[in-house]
Amino acid sequence: MINFIKSNKAFTLVEIAIAVTLLGLGLTTIVSLQNSATEAVLNEKNRLQAALYGDYLLTMIKVSKSIPNIGEERLDISNELERTGFFALENNPNKLRENLANWQYVRRVSPVPFPIPELQNSLIKLEINLSWGDRDDQNINLIYFTEPTGNQNTQNSSQRGE
């Protein structure tokens, strides 16, 4: 009988507490990694959507052959997409409008400076910045270079002598 009691081994309360603590730390790490992965996937989804919207807006500007005036404009992306017909392509435009409610859209148009006087004002830089959050990695810039179309003012006031 004495041999039977000595050979019967059990876990102590301290061993169980340590095992539960290690299990808790492991599960906490796994859950936090899952949250980080989910956030990264959502950020990349927004980046891909922003690239699509920006490319669409640039294409509409190219197709219209009407480059906006020199300067910077902060625009409502939903209004711009609707104005250019993007929502007509969507199955659920109201949901898209809701998703874009916090997005920012900035369009910058500027002449490209050249050191050669004959080439001054021969190229326009059109930049579209779309952002969907406050962090630095929650925005995308698209840049397009084109010739002036004649409808925009390509000189700033110092070049005109004002």
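To keep things clear, this report deals only with the structure shown in the data block. (Residues numbered from 1 in each chain as written. Predicted model: local features only at pLDDT ≥ 70, side-chain atom pairs only at ≥ 80, totals over all residues. Heavy atoms only, no water.)

## Considering the sheet that holds strand S2 (residues 104-111)
- Spatial ordering of the open sheet is given by S1-S2-S3-S4, a layout of four strands whose pairing is antiparallel. Pairing within the sheet leaves two strands with one partner each, and these edge strands are strand S1 (71-75) and strand S4 (139-146). Pairs of neighbouring strands in the sheet enclose a mean axial angle of 15°, with direction left out of account. (Pairing = 2+ DSSP bridges. Helix = DSSP H or I, 4+ residues; strand = E, 2+ residues; numbered from the N terminus. Axes fitted to C-alpha atoms, helices over the stretch in contact; angles between N-to-C directions.)

## Re the nonpolar core
- Membership of the largest hydrophobic core comes to 23 residues, with the highest contact counts inside it found for Tyr53, Ile77, Leu81, Leu100, Trp103 and Leu130.
- Elements with a minimum of two residues in this core: helix H2 (13-64), helix H3 (77-83), S2, strand S3 (124-131) and S4.
- Considering each element in turn, this core owes the most residues, six residues, to H2.
- Those residues in contact with isoleucine 77 that lie beyond four places of it in its chain are Tyr53, Leu100, Trp103, Tyr105 and Leu130. (Core = buried A, V, L, I, M, F, W, Y, C linked by side-chain atoms within 4.5 Å. Buried < 20%, exposed > 50% of the residue type's maximum accessible area, 1.4 Å probe, protein only. Contact = heavy atoms within 4.5 Å.)

## Focus on H2
- Its 52 residues place the ends of H2 76 Å apart at the C-alpha level, agreeing with the 76 Å of an ideal helix rising 1.5 Å per residue.
- Within H2 the residues assigned to the buried category are Asn43, Asn46, Ala50, Tyr53, Gly54, Tyr56, Leu57, Leu58 and Ile61.
- Summarising the contacts, the buried residues of H2 are in contact with H3, helix H4 (93-99), S2, S3 and S4.
- Taken from the residues just after H2, lysine 65 is the one with a positive phi, measuring 55°. (Expected span 1.5 Å × (residues − 1).)

## Considerations on the environment of glutamate 98
- Tracing the backbone shows glutamate 98 in helix H4.
- On the basis of relative accessibility, which here comes to 61%, the residue glutamate 98 falls in the exposed class.

## Quick word on the packing of aromatic side chains
- According to the stated counting rule, one finds four aromatic pairs in the structure shown.
- Residues tyrosine 53 and tryptophan 103 carry aromatic rings whose centres are separated by 5.7 Å and whose planes lie at 65° to one another, so their mutual orientation is edge-to-face. Here tyrosine 53 is found in helix H2, whereas its partner tryptophan 103 is found in the loop between H4 and S2, with 50 residues between them in sequence. No difference in accessibility class separates tyrosine 53 from tryptophan 103, as the two residues are buried.
- By the ring-pair criterion, three or more aromatic residues cluster together here, those being Tyr53, Tyr56, Phe86, Trp103 and Trp132.
- If you follow arginine 97 out to its NZ or CZ, it ends over the ring of phenylalanine 87, 4.3 Å from the centre. (Phe/Tyr/Trp six-rings, centres within 6.5 Å; stacked < 30°, edge-to-face > 60°. Lys NZ or Arg CZ within 6 Å of the ring centre and 35° of its normal.)

## Comments concerning the pairing of S2
- With five bridges joining them, S1 and S2 adopt antiparallel strand pairing. Residue glutamate 73 lies in a different strand from S2, and its bridge partner there is arginine 107.
- Strand direction decides the pairing type here: S2 and S3, joined by eight bridges, are antiparallel. Bridging across to S3, serine 110 finds its partner in lysine 125.

## Re unusual backbone geometry
- Even without glycine at this site, lysine 65 takes up a positive phi of about 55°.
- We note that asparagine 121 has phi near 65°; this positive angle belongs to a residue other than glycine.
- Structurally, asparagine 121 can be placed in the loop between S2 and S3.
- For asparagine 121, a relative accessible area of 19% puts it in the buried group.

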